[in-house]
Amino acid sequence: MTDALSTLEGSILLFIQDSLRCGLLTQFFVFVTKLGNAGFVWVTMSLILLLVPKTRNVGAMGILALMFSLLVNNLLLKNIVERSRPFDVIEALTPLVERPRDFSFPSGHTASSFAAAGVFFRRLPKWLGVPALLLAVLMGLSRLYVGVHYPTDVLVGLLSGLVLSVAAEKMVDASEAGGGIRDMWRGRRR
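The structure reproduced in this document is the subject of the present report. (Residues numbered from 1 in each chain as written. Predicted model: local features only at pLDDT ≥ 70, side-chain atom pairs only at ≥ 80, totals over all residues. Heavy atoms only, no water.)

## Details of the overall build of the chain
Line of reasoning, step 1. When helices and strands are tallied, the chain shows 9 helices and 0 strands.
Line of reasoning, step 2. Tracing the chain from N to C terminus, the helices and strands come up as α-α-α-α-α-α-α-α-α.
Line of reasoning, step 3. Reported as C-alpha extents along the three principal axes, the dimensions of the chain are approximately 60 × 35 × 25 Å.
Line of reasoning, step 4. Relative to its full complement of 190 residues, the chain shows a buried share of 47%.
Line of reasoning, step 5. In the chain, of all internal contacts separated by at least 6 residues, the share reaching a separation of at least 24 is 78%.
Line of reasoning, step 6. Accessible surface, the chain: about 10,200 Å² in total, of which carbon and sulfur atoms supply 68%. (Helix = DSSP H or I, 4+ residues; strand = E, 2+ residues; numbered from the N terminus. Buried < 20%, exposed > 50% of the residue type's maximum accessible area, 1.4 Å probe, protein only. Contact = heavy atoms within 4.5 Å. Areas by Shrake-Rupley, 256 points an atom, 1.4 Å probe, with all protein chains shown as cover.)

Now the structure itself:
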């Protein structure tokens, strides 16, 4: 089963490389994937939301979801699974960005994208939440397009990010019910 899955995933990546890559699309997906480096776009969005009193809790949820994603996906799962990057296994595959040095599974870019975007989609008005979710989808697709992740890396990153986004929401909601976040921002102590 795993050999068949590996063969299928390799075929998908080579199809993307050989049939879909072209100048303008390549520029677009390289740009999108770089937005996700170190969670830049998601951290920035969350910090902006933290600055606005009306969206402060959503910003806190975004930051917490990103922290969860970093811990669970990048520090824990990647180092337990230790999956090689596709360009290290598939000779004909050429990555379009600098070769990441960490392990492949799951996709950290995708996980962090869906961790933050999941919160934003559920907690913000749709005119903000839908574009955030669309950017998360594009981020996951970009990781395949640039040749640095397998499809299952992206799929598990998506699922993990969504689960962690719900966990972050529940934790901030529980804290808010006890006055925790509000009091923390106002400098009060219990």
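There's plenty left to go through after this.
## Focus on the packing of helix α6 (residues 108-123) against helix α7 (residues 126-145)
Line of reasoning, step 1. Axis separation between α6 and α7 bottoms out at 8 Å; the angle between their running directions is 170°. On the basis of the axis angle, α6 is roughly antiparallel to α7. Of the residues in α7, those touching α6 at H109, T110, S113, F114, A117, F120 and F121 are K126, G129, V130, A132, L133, A136, V137, M139, G140 and R143.
Line of reasoning, step 2. Its residues assigned to classes, the contact of α6 with α7 shows 10 nonpolar, 5 polar and 2 charged. (Axes fitted to C-alpha atoms, helices over the stretch in contact; angles between N-to-C directions. Parallel < 35°, antiparallel > 145°, perpendicular 65-115°, else oblique. Nonpolar A, V, L, I, M, F, W, Y, C, P; charged D, E, K, R; others polar.)

## Considering unusual backbone geometry
What is expected of a backbone is that most residues other than glycine have negative phi and most peptide bonds are trans.
Line of reasoning, step 1. Following F105, the chain continues into P106 via a peptide bond in cis, with omega recorded as -5°.
Line of reasoning, step 2. Structurally, P106 can be placed in the loop between α5 (86-89) and α6.
Line of reasoning, step 3. Not every positive phi belongs to a glycine, and A38 is a case in point at roughly 55°.
Line of reasoning, step 4. Within the secondary structure layout, A38 lies in the loop between α2 (23-35) and α3 (40-51).
Line of reasoning, step 5. Overall, A38 belongs to the exposed group, its relative accessible area being 80%.

In short, geometric facts, not functional conclusions.
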